[in-house]
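# Overview (structure and organization)
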Amino acid sequence: MDARPDPEPCRDQDLGLFEVTKSDGAARIGRFYTRHGSFTTPALLPVVNPNILTIEPMEMWEEFGIEALITNSYVIWKNEELRESALEEGIHSLLNFPGAIVTDSGTFQSYVYGDVEVSPEEIVQFQREMGVDIGTMLDVFGRPDMTREQLEKAVDETAERAIPSLEMAGGTLLLNGPIQGGLHDDLRAQSAQIMGLAEGQDKGFAIHPIGGIVPLMEQQRYRELFRILLASRAALPPERPVHLFGCGHPMLFPMAIALGADLFDSAAYAIFARDDRILTPEGTVKLESLQEWTFTSKSLFGYTPDQVRSMDDKARCRILAQHNLEVTQAELSRCREAIRSGTIWELAEQRSHCSPQLRDAFIWIQDQLSEPDEGPVGESVLRLISSCDPLRDGGEPIGDDIEYRPHILHMHALLATRWRVPGSWWDSSTGNPKRVALVEGASPPWRHSILQEVMASLVEEPRTVVMIATPLGVIPFSLEDVSPWCHLVGPDDMWIGEYDDEEIQASLSEFGLSGIPVTRISPGEADESKADNFESVQDWLDRCSIVDKLAVLCSVHPLESCKITKGISVRRSRTKRVINVLSDGEHVLSPRLTDGGISLTLAGARRLNELHTSPPPKFGADFPDEVFSGIPRICIIDDAIPFVGKGRNVIHGYSLGADPHLIPGQPCLVVDSNGSLVAHGTSLSTALDVAFMRKGLAVKVREGAMKGV
Ligand code: GUN
């Protein structure tokens, strides 16, 4: 195999920027730009001790695909020989590593030994002079067992050192701005706020590590660890990566990533190896008792545990460290793949069973998701839910924890707030519903398994609201092809479930349907004699489906959608699914076959934009708190209009505002500052991302409104 080439330095304008290429809730895949290449996140920065190179940095680069590592500037500074070489030849040459080099500052040494002999300015200057890519200021370690007063002092002192450190870093050294605050949510949020806003003459911090958490990981206090992550994230700038200082056990990655961690660092791969301990994604195993490998790797392949045990200390430590690093890297690949496929939460769910402490932490997170605390943790959790695309293609495996998955909570919240009882019925009557027809014992696709029975019920009583009982609660029939409900994967008998009246009433009351008589319908009960009027009923069902999807997914008022859908006709596939919706002969939208969502056409986008009565969104403006605010918009600057208007994607940094109800993965409009349509597409961001991110795509444009201009 050819040697891996040296990385390309980033463009000057990209230095220190973070680009998110894919996200799922708080989890994100990103690229961070340095003068020694860009690196993909989530990533582990292996800790390299320049005095003990268990695995050579060049081997990490060439054999393990490591793009960035971390070493300690204070350890180098303390050792005269290392210090002089580092200053003379630069850190990259000293370590013989071509990728990005991150350094820590000596804070951890001050926690272990009580003090360090270097000043905050001196250690930043040293990191700059060695040619480090990302240095760390000398923060004050806040131990979890400190009093509130001591922790306040650690936060304040760290904050006081922030600006002098940024000034010393200048324009070339990127800097970590660590967050302290112990176990106090408010102190963590306060620290995040101050460090996030700190600006030197050239720039602010590039990355925010969360510090003071090593004792929690040593004691497996994961609930507190994740609480700190959530509290800090509530106030951290979204355009900067979040690093969990000292966290490197692969078992913790999925959950930490699902809650928004982008970077990890750890010497665990080497320290555990020295102690004959083997990392796996499910925990740690001791070499001493093994007869066979429980988790194999390229490094261990071909050896038995006995053979490894009989190696001399150096060879054994090396092979175990290689295995540990390989497993760590593989688990990160798995996490990134899970983000791409929308399954990071499921992976966290699986890993939560690896240890009782991790399970306890996961259950606490689930409690927060269903009933968020007041304060920064709750804020963070609500933001996590609302930044999930509620729809996804592919199966949704049923399991004990399913109802707490953030995208499902998001979908339920949208349904509970935005779904409305139809305003008129298929026979053109209006008025309140007379009954609910509850579909039971039928499995998706319900348009096949129960359509005849549904139609018959509607013919019998036009003022019927048709709902479906699913293992995830009751849903309107109009959303029968929407994920996650239509994609539930589990044993066949999960559809048989008979729900008692109390359960059903509780579920219906969330839709404003309490007190209305319920009739239950099951497959095979259709009365063929009542086949009259099926065409009118089918047309009405089609309209309901469009109105409800526009309401639930796009925040369009049902009365407005009713107007748009008044003269609609549909084109169906051979399997009778609606593929195009035409209004007055014009193709306005198509239901998405993969997840039941909506794809607009330019004509549809124009009609939805005409419904807006409020001005185009501007960052910092007051937003009226309305349930139906219309399809979300992003307002872009004039310079970007000629490009976006012709169909180019919207890039971060070119927007003036975004409606706060923008949902990643769902349709949005791109408008100019007068509110005129420039393009429409799929948002890849939340409004907060649009306000802060400086690199990457904000909207994947489907069509520009000025194509032919
Ligand atoms: N390494 C582990 N924890 C910390 C911390 O809180 N601050 C710094 N600078 N490094 C760390």
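Report follows, based on the coordinates. Quick caveat, the model's predicted, so the values are computed rather than measured. (Residues numbered from 1 in each chain as written. Predicted model: local features only at pLDDT ≥ 70, side-chain atom pairs only at ≥ 80, totals over all residues. Heavy atoms only, no water.)

## With respect to the overall build of the protein chain
- The secondary structure content of the protein chain amounts to 26 helices and 29 strands.
- For 709 residues, the compact-globule formula gives about 27 Å, and the C-alpha radius of gyration of the protein chain, at 28 Å, lands near that figure.
- Structurally, the protein chain occupies a C-alpha span of about 95 × 65 × 55 Å along its principal axes.
- Per-residue burial over the protein chain gives 58% buried out of 709 residues. (Helix = DSSP H or I, 4+ residues; strand = E, 2+ residues; numbered from the N terminus. Rg over C-alpha atoms; globule rule 2.2 N^0.38 Å. Buried < 20%, exposed > 50% of the residue type's maximum accessible area, 1.4 Å probe, protein only.)

## Details of the sheet that holds strand β28 (residues 677-683)
- Read from one edge to the other, the open sheet built from six strands follows the order β25-β29-β28-β27-β24-β26, with strand pairing classed as mixed. Edge positions in the open sheet fall to β25 (650-651) and β26 (655-658), since each of these has one partner strand only.
- Along the sheet, helix α24 (residues 602-610) contacts β24 (633-636), β27 (667-671), β28 and β29 (697-704); its crossing angle with β28, the most-contacted strand, is approximately 105°. (Pairing = 2+ DSSP bridges. Contact = heavy atoms within 4.5 Å. Axes fitted to C-alpha atoms, helices over the stretch in contact; angles between N-to-C directions.)

## Some words on the site of the ligand
- Taken together, Asp104, Ser105, Thr107, Phe108, Thr136, Asp139, Phe141, Gln180, Gly211, Gly212, Val214 and Phe245 form the complete shell of residues around the ligand.
- One of the backbone N or O atoms of Gly212 is found 2.9 Å from an oxygen atom in the ligand.
- The class makeup of the residues in the shell around the ligand is four nonpolar, six polar and two charged. (Near = heavy atom within 4 Å. Polar contact = N/O pair within 3.5 Å; in protein donor to acceptor, adjacent residues only side chain to side chain. Nonpolar A, V, L, I, M, F, W, Y, C, P; charged D, E, K, R; others polar.)

## Here we look at the sheet that holds strand β23 (residues 598-600)
- Strands sit in the order β20-β21-β22-β23 across an open sheet of four strands; the sheet is antiparallel. Unpaired on one side and paired on the other, β20 (568-572) and β23 mark the two borders of the sheet. Sheet twist, expressed as the mean angle between neighbouring strand axes with direction ignored, is 30°.
- Taken strand by strand, helix α22 (residues 534-554) contacts β20, β21 (578-583), β22 (586-591) and β23, and its axis lies near 95° from that of β20.

## With respect to the packing of aromatic side chains
- Enumeration over the complete set of coordinates arrives at eleven aromatic pairs.
- Taking the centre distance of 5.8 Å and the plane angle of 90° together, the rings of Trp61 and Phe97 count as edge-to-face. Residue Trp61 is found in helix α1 (residues 57-63), and its partner Phe97 is found in the loop between α4 (91-95) and β6 (100-104); the two are separated by 36 residues along the sequence.
- Taken together, a centroid distance of 5.5 Å and an interplanar angle of 85° make the contact between Trp419 and Phe511 edge-to-face. (Phe/Tyr/Trp six-rings, centres within 6.5 Å; stacked < 30°, edge-to-face > 60°.)

## Regarding the pattern of salt bridges
- Here the structure, examined in full by the defined rule, presents 36 salt bridges.
- A salt bridge links Asp186 to Arg148; the nearest nitrogen and oxygen atoms lie 2.7 Å apart. Of this pair, Asp186 sits in helix α8 (residues 185-197) while Arg148 sits in helix α7 (residues 148-169), and the two are 38 residues apart along the sequence.
- Here Asp501 and Arg520 are joined by a salt bridge, their closest N and O atoms 2.6 Å apart. One end of the pair, Asp501, is in helix α21 (residues 501-509); the other, Arg520, is in strand β19 (residues 518-521), and 19 residues separate them in sequence.
- With relative accessibility at 32%, the residue Arg520 sits in the partly exposed group.
- Bridged by salt links that share partners, the residues Arg11, Asp14 and Lys695 form one connected network. (Salt bridge = Lys/Arg side-chain N within 4 Å of Asp/Glu carboxyl O.)

## As for helix α3 (residues 80-89)
- The N-cap of α3, judged by a side-chain oxygen 3.1 Å from the amide nitrogen of Glu81 a few residues on, is Asn79.
- Gly90 sits one or two residues past α3 and shows a positive phi near 90°.

## Quick notes on the packing of α7 against α8
- It is the contact of α7 with α8, at a shortest axis distance of 10 Å, that shows an interaxial angle of 5°. As far as their axial angle goes, α8 and α7 are roughly parallel. Along the contact surface, α7 presents Arg148, Leu151, Glu152, Val155, Asp156, Thr158, Ala159 and Ala162, while α8 presents Asp186, Leu187, Gln190, Ser191, Ile194 and Met195.
- Looking at side-chain class alone, the contact of α7 with α8 contains seven nonpolar, three polar and four charged residues. (Parallel < 35°, antiparallel > 145°, perpendicular 65-115°, else oblique.)

## Describing a negative patch on the surface
- A cluster of acidic residues, Glu80, Glu81, Glu84, Glu88 and Glu89, forms a negative patch at the surface.
- Within the element layout of this structure, Glu80 appears in helix α3.
- We classify Glu80 as exposed; its relative accessible area is 51%. (Patch = residues over 30% accessible without salt bridge, like charges linked within 9 Å, V, L, I, M, F, W, Y side chains within 5 Å. Areas by Shrake-Rupley, 256 points an atom, 1.4 Å probe, with all protein chains shown as cover. Lys, Arg positive; Asp, Glu negative; His and termini not counted. Charge placed at Lys NZ, Arg CZ, Asp CG, Glu CD.)

## Let's talk about the environment of Arg607
- Topologically, Arg607 is positioned in helix α24.
- Along the primary structure Arg607 and Ile271 are separated by 336 residues, whereas in three dimensions their C-alpha atoms are 62 Å apart.
- With residues up to four places along the chain from it excluded, the contact list for Arg607 reads Ile564, Ser583, Asp584, Glu586 and Val588.

## What about the nonpolar core?
- Grouped together as the largest cluster of nonpolar side chains are 100 residues, with contacts concentrated most on Phe226, Leu244, Ile257, Phe264 and Ile344.
- Those residues in contact with Phe226, other than ones at most four positions away along the chain, are Leu252, Met255, Ala256, Leu259, Leu358, Ala361, Trp364 and Ile365. (Core = buried A, V, L, I, M, F, W, Y, C linked by side-chain atoms within 4.5 Å.)

## A closer look at the pairing of strand β2 (residues 27-34)
- Of all eight residues that make up β2, seven are buried, and the element is covered over most of its length.
- Where strand β1 (residues 18-24) meets β2, six bridges bridge the pair, whose relative direction is antiparallel. Within β2, the residue paired with Lys22 across the bridge is Ile29.
- In this structure, the hairpin formed by β1 and β2 is closed by a connection of two residues, where Gly25 is found at a positive phi of approximately 65°.
- In the sheet, β2 pairs with strand β3 (residues 37-41) via five bridges, with the strands oriented antiparallel. Paired with Gly30 across the strands is Thr41, a residue of β3.

## Regarding the pairing of strand β16 (residues 464-470)
- For β16, the tally of buried residues reaches seven of seven residues, placing the bulk of the element in the interior.
- Of the two faces of β16, the one carrying Thr464, Val466, Ile468 and Thr470 and the one carrying Val465, Met467 and Ala469 are both buried.
- Taken together, the five bridges between strand β15 (residues 435-439) and β16 define a ladder with parallel strand orientation. Bridging from a neighbouring strand, Ala437 pairs with Val466 of β16.
- Note: β16 against strand β17 (residues 473-476), four bridges, orientation antiparallel. Across the sheet, Ala469 pairs through a bridge with Val474, a residue of β17.
- Linking two consecutive strands that pair antiparallel, namely β16 and β17, is a turn of two residues.

## Digging into the environment of Ser545
- The residue Ser545 is located in helix α22 in this model.
- Ser545 sits 69 residues away from Pro476 along the chain, and the two C-alpha atoms are 9.1 Å apart.
- Looking at Ser545, its side chain comes within polar contact range of the main-chain oxygen of Ser478, at 3.2 Å.

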